[in-house]
Amino acid sequence: MIYIGCHLSVTDGYEAMGKTMSRFGGNTFAFFTRNPRGGKTKPIIPEDIDALRAHMKKEGFGPLVAHGSYTMNLCSANEATRANGLDMLTQDLVRMELLPGNFYNFHPGAHTGQGMETGISQIAEALNQVMKPDMQTTVLLETMAGKGSEVGGTFEELREIIDRVEYKDKIGVCFDTCHTWDAGYDIVNDLDSVLHHFDKVIGLSKLKAVHFNDSKNDRGSHKDRHEKLGRGFLGMEAMRRIALHPLLQGLPFVLETPNDDEGYMAEIHTVLDWF
Ligand code: FE
Ligand code: FE
Ligand code: ZN
């Protein structure tokens, strides 16, 4: 089994997201901890969080996969951008503790010309400044497409970050199928080898969530443009094999496909029909 859901907007509150996901037929979801393009966050109402937690328990939800802002870059060459990223990360992780036991995923960053080694060390440094030994959130590094100066386009880069993080039991990886494919990993024809490689480099115990997307581009394109399930270069058969892969069972799968509500509902049902 897997948990399946999609990205939802926090506009109507937290319990509302849980209810929406139940209406969609899913049992996990992702949400941006703030405006995805940056900016102010809404205050959290504790009763609303409690109501979501009760709903998740009642409906057997899997862990949620919150998503950090796209504007957060912990390894920008620009010092102000870096400081702002650290601020966002700090606040996001404080908020996540209101929903203990869930995941906080973010894009590791883009080194913007500083070089991969500097990028990796700045990301790890930021995480070590903010992560606490008693936190109940697991921080996830997302596998990236390797676009521009992005860090995390290879499993080795993610491993390097993890190696330098102090609280290793609180860090993991979110496997984005579109990104991994765009980065060059052949998850269509050779999923077993890719997962074996992931295991060798990072360790499958660190694989905590999947972003379940098809891709508008061919393997190795380094583009990062998501497509609806079955409409892209991965294709429905490959998507199905991924969802059913024995090594990926029990994980939360989050759709980040270009869809409206009806589209998400249909994709959630497509996936559930495979089981
Ligand atoms: Fe992402
Ligand atoms: Fe993603
Ligand atoms: Zn993406």
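Here, the structure is the one placed above.
Residues numbered from 1 in each chain as written. Chains lettered and ligands numbered in written order. Predicted model: local features only at pLDDT ≥ 70, side-chain atom pairs only at ≥ 80, totals over all residues. Heavy atoms only, no water.

Check the secondary structure of the protein and you find nine helices and 12 strands. Over its C-alpha atoms the protein spans a radius of gyration of 17 Å, differing by no more than 12% from the 19 Å that the globule rule assigns to 275 residues. Seen along its three principal axes, the alpha-carbon backbone of the protein occupies a region of about 45 × 45 × 30 Å. When contacts within the protein are restricted to residue pairs at least 6 apart in sequence, those whose partners lie at least 24 apart make up 76%. Here the protein has roughly 11600 Å² of accessible surface; of this, 50% comes from carbon and sulfur atoms. (Helix = DSSP H or I, 4+ residues; strand = E, 2+ residues; numbered from the N terminus. Rg over C-alpha atoms; globule rule 2.2 N^0.38 Å. Contact = heavy atoms within 4.5 Å. Areas by Shrake-Rupley, 256 points an atom, 1.4 Å probe, with all protein chains shown as cover.)

Turning our attention to the coordination of the iron ion (ligand 1). Looking at the iron ion (ligand 1), one finds its protein donor set to be H67 (NE2), H107 (NE2), E142 (OE) and E142 (OE), positioned 2.1 to 2.8 Å from the metal centre. For the iron ion (ligand 1), all donor residues lie on one chain, and their spacing in sequence is H-x39-H-x34-E. Separating the iron ion (ligand 1) from the iron ion (ligand 2) is a gap of 3.1 Å, which E142 spans by donating to each of them. You can see H67 sitting in strand 3 (residues 65-67) and its partner E142 sitting in strand 6 (residues 138-142), a full 75 residues away along the chain. The pair H67 / E142 is uniform in exposure class, with both members buried. (Donors = N, O, S within 2.8 Å, 3.2 Å for Na, K, Ca; no water. Buried < 20%, exposed > 50% of the residue type's maximum accessible area, 1.4 Å probe, protein only.)

Inspection of every chain in the model, using the stated rule, returns one cavity of 30 Å³ or more. If you add up the space inside the largest cavity, you get close to 60 Å³. If you go around the largest cavity, the residues you meet are Y14, F31, T33, I44, I49, R95, M96 and L99. When its residues are assigned to classes, the lining of the largest cavity shows six nonpolar, one polar and one charged. (1 Å grid on protein atoms, 1.4 Å probe; cavity = no way out; pocket = protein on both sides within 12 Å on 5 of 7 lines; lining within 4 Å. Points joined across faces, edges and corners; volume = space filled by probe spheres on them. Nonpolar A, V, L, I, M, F, W, Y, C, P; charged D, E, K, R; others polar.)

What follows is about the packing of aromatic side chains. Under the criterion given, the structure shown has 11 aromatic pairs. Plain terms: the ring middles of F29 and F31 are 6.0 Å apart, the flat faces sit at 50° to each other, and that makes the pair tilted. Seen from their ring centres, F29 and F61 are 6.4 Å apart, and the 80° between their planes marks the pair as edge-to-face. Separated by 32 residues along the polypeptide, F29 in the loop between helix 1 (14-24) and strand 2 (30-31) and F61 in the loop between helix 2 (46-59) and strand 3 bring together distant segments of the chain. You'll find F29 and F61 in the same group, each marked buried. Here the aromatic cluster, defined as three or more aromatic residues joined through ring pairs, consists of Y14, F29, F31 and F61. (Phe/Tyr/Trp six-rings, centres within 6.5 Å; stacked < 30°, edge-to-face > 60°.)

This part covers the packing of helix 1 against helix 2. Direction vectors running N to C along helix 1 and helix 2 enclose 25°, while the axes themselves pass 7 Å from each other. The angle between helix 1 and helix 2 places the two elements in the roughly parallel class. Along its contact with helix 1, which presents Y14, E15, G18, K19 and S22, the element helix 2 presents D48, I49, A51, L52, H55 and E59. Looking at the contact of helix 1 with helix 2 residue by residue, the classes come out as four nonpolar, three polar and four charged. (Axes fitted to C-alpha atoms, helices over the stretch in contact; angles between N-to-C directions. Parallel < 35°, antiparallel > 145°, perpendicular 65-115°, else oblique.)

This next bit is on the coordination of the iron ion (ligand 2). For the iron ion (ligand 2), the protein coordination sphere consists of E142 (OE), D176 (OD), H211 (ND1) and E256 (OE), at 2.0 to 2.2 Å. Around the iron ion (ligand 2), the four donor atoms are arranged such that angles at the metal cover 83 to 173°; this shape is classified as irregular. Counting along the primary sequence, the residues that act as donors to the iron ion (ligand 2) give the motif E-x33-D-x34-H-x44-E. (Tetrahedral: all angles 85-135°; square planar, octahedral: opposite > 155°, others 65-115°.)

Another point: the side chain of T33. Mapped onto the secondary structure, T33 falls in the loop between strand 2 and helix 2. Residue T33 is classed as buried on the basis of its relative accessible area of 4%. There is a polar contact of 3.0 Å between the side chain of T33 and the side chain of D92. (Polar contact = N/O pair within 3.5 Å; in protein donor to acceptor, adjacent residues only side chain to side chain.)

Most of strand 6 is tucked away: five of the five residues are buried. One ladder, built from four bridges, connects strand 4 (residues 103-106) with strand 6; its direction is parallel. Looking at the pairing, F106 lines up with L141 of strand 6. As judged from the four bridges shared by strand 6 and strand 8 (residues 171-176), these two strands associate in the parallel manner. The partner of L141 across the bridge, within strand 8, is V173. (Pairing = 2+ DSSP bridges.)

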